[in-house]
Amino acid sequence: MTLTRREREILALLRRDPLAGAQSIADALGTTRAAVNVHLSNLGKKGAILGRGYILRQEHAVVVIGGANVDIKVRSLAPVAYRTSNPGRSHTSPGGVGRNVAENLARLGTPTHLIAAVGQDAAGERLLSETRAAGVRVEHVHRGPHPTGTYTAVLDADGDLVVAIADMAATDALAPEHLHAARELIGNAGLLVLDGNLSPRVLSYALDLASATGVQTLIDPVSVPKAALLAPLFAAGRPVFAVTPNVAELGALAGRDLDGGTDEGDPDLLRAVAVLHERGVRHVWVRLGARGSLLSTLDEGRVRLEAPPAEVRDVTGAGDAMLGAFAHALLGGADPVEAARYGHAAAALTVATPATVRPDLTARLIEDALDAPLRRTT
């Protein structure tokens, strides 16, 4: 089923409000009611919507398993002075790598289910309410005894991360048995996205389930310590579709000490990539920060992607936007290189705002921003 850009935009609106009328859709898109009715008719013929009330097909849904917490971002108003008080501003919002990826996917119009753990507290209620309002299905989020997690980030005056502290006890307590009720959902997913904040037990359980049912899996290692715990889970007999480390995380996954400033052509970096391919990872997408990224595909070579220009206001959430948009584009039929470029565009749009997940993110906004050059390597 191939959809036009306008049809994808209408589906995204319907996922947020399945009872939206043709006129309200037309108003949201700046078009006419007659034009919307034509698109709705075509969507019905293509099977993208079913019956009255614009019931949506759930094929190609993504299941995201990972962290969900409250983000507390504190930004200095001047260059950070260490070991003393700094004037600044603070902001609290929903966060967590897995939750952020899920929200990005939902805002782009992909049916998305989140499996995570939050506390039985007011913070957990708010987190679920705001995540649900963004279009994410949260029926399988576990309400545990630990307080809802927090991620506190200190940013300098330029929006770059200085330090962050994560309290992830609720996520740490998520166990395989909390996923049992979602086994059929996971086994029928279009893609499974895993966040390295999960315990090795949960990651292993999810990888085994995906492998047994043929579901393609994308993994964000999250951090160097988490990547080190994740490394033993990669095995040729349990293939992974893609993993998205930065250079330091790549080193931890491959058991090699890599400098974060390593160039994409560095032999040590390429050997580390080869190690992951040998362990069953088809696509290794290495993030190089402002220098862009390197996408290596098993038996198909490497592609260097430049990062699109962006006015950075806040880097928090850029990687989550990249992964969410990458998954969205793959399900839309893009090849991995096209999907990676799509992810870069989403990240550039995200860092240009103070929000962890850009609230006005749409597929059209990304498509309009896709102007980054592409350079192939050997």
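As shown above, the structure is provided for reference.
Residues numbered from 1 in each chain as written. Predicted model: local features only at pLDDT ≥ 70, side-chain atom pairs only at ≥ 80, totals over all residues. Heavy atoms only, no water.

Caption draft 1: Representation of the overall build of the protein chain. The helix and strand tally for the protein chain stands at 14 helices and 17 strands. The C-alpha atoms of the protein chain give 20 Å as radius of gyration, which agrees with the globular expectation for 378 residues (21 Å, within 12%). Each principal axis of the C-alpha distribution contributes one length, and for the protein chain these read about 60 × 50 × 45 Å. Residues classed as buried in the protein chain amount to 51% of the 378 residues present. (Helix = DSSP H or I, 4+ residues; strand = E, 2+ residues; numbered from the N terminus. Rg over C-alpha atoms; globule rule 2.2 N^0.38 Å. Buried < 20%, exposed > 50% of the residue type's maximum accessible area, 1.4 Å probe, protein only.)

Caption draft 2: Inspection of the packing of helix 12 (residues 318-331) against helix 13 (residues 336-351) at higher detail. Contact geometry of helix 12 with helix 13 gives a least axis separation of 7 Å together with a crossing angle of 145 degrees. Pair helix 12 / helix 13 crosses with right-handed handedness. Residue-level inspection shows Ala318, Ala321, Met322, Ala325, Phe326, His328, Ala329 and Leu330 of helix 12 in contact with helix 13, the latter providing Pro336, Ala339, Ala340, Tyr342, Gly343, His344, Ala346, Ala347, Thr350 and Val351. Broken down by class, the residue content of the contact of helix 12 with helix 13 amounts to 14 nonpolar, four polar and no charged. (Axes fitted to C-alpha atoms, helices over the stretch in contact; angles between N-to-C directions. Left-handed = near helix turned anticlockwise from the far one by under 90°. Contact = heavy atoms within 4.5 Å. Nonpolar A, V, L, I, M, F, W, Y, C, P; charged D, E, K, R; others polar.)

Caption draft 3: Expanded view of unusual backbone geometry. At valine 222, a position not held by glycine, the phi torsion is positive, near 80 degrees. Inspection of the secondary structure assignment puts valine 222 in the loop between strand 12 (217-220) and helix 9 (224-230). In the Ramachandran plot, aspartate 299 falls in the positive-phi region, its phi being about 70 degrees despite a non-glycine side chain. Note that aspartate 299 resides in the loop between strand 15 (293-297) and strand 16 (301-305).

Caption draft 4: Representation of the layout of surface pockets. The calculated volume of the largest pocket comes to roughly 1300 Å³. Surrounding the largest pocket, 46 residues form its lining, Arg287, Val315, Gly317, Ala318 and Gly319 being those nearest its centre. In the lining of the largest pocket, the residues fall into 23 nonpolar, 15 polar and eight charged. (1 Å grid on protein atoms, 1.4 Å probe; cavity = no way out; pocket = protein on both sides within 12 Å on 5 of 7 lines; lining within 4 Å. Points joined across faces, edges and corners; volume = space filled by probe spheres on them.)

Caption draft 5: Molecular detail of the nonpolar core. Of all hydrophobic cores here, the largest spans 47 residues; its most connected members are Val64, Leu218, Phe326 and Ile366. When neighbours within four sequence positions are excluded, valine 64 is seen to be in contact with Gly98, Val101, Ala102, Leu105, Thr112, His113, Leu114, Ile115 and Val193. Counting 42 residues, the second largest nonpolar core, distinct from the first, contains Ala117, Leu209, Ala210 and Leu258. (Core = buried A, V, L, I, M, F, W, Y, C linked by side-chain atoms within 4.5 Å.)

Caption draft 6: Geometry of the packing of helix 10 (residues 247-254) against helix 11 (residues 267-278). Interaxial distance between helix 10 and helix 11 falls to 9 Å at its minimum, and their mutual angle equals 55 degrees. Overall, the two elements helix 10 and helix 11 adopt an arrangement that is oblique. The two elements helix 10 and helix 11 cross, and the hand of that crossing is left-handed. Residues Val247, Leu250, Leu253 and Ala254 of helix 10 pack against Leu269, Ala272, Val273, Val275 and Leu276 of helix 11. (Parallel < 35°, antiparallel > 145°, perpendicular 65-115°, else oblique.)

Caption draft 7: Representation of the environment of threonine 350 within the structure. Structurally, the position occupied by threonine 350 is in helix 13. Judged by relative accessible area, threonine 350 falls into the buried class, the value being 0%. Residues threonine 350 and methionine 322, 28 residues apart in the sequence, show an inter-C-alpha distance of 9.2 Å. Each residue touching threonine 350, except ones within four places of it in the same chain, is listed here: Asp314, Thr316, Gly317, Ala321, Ala355, Thr356 and Arg358.

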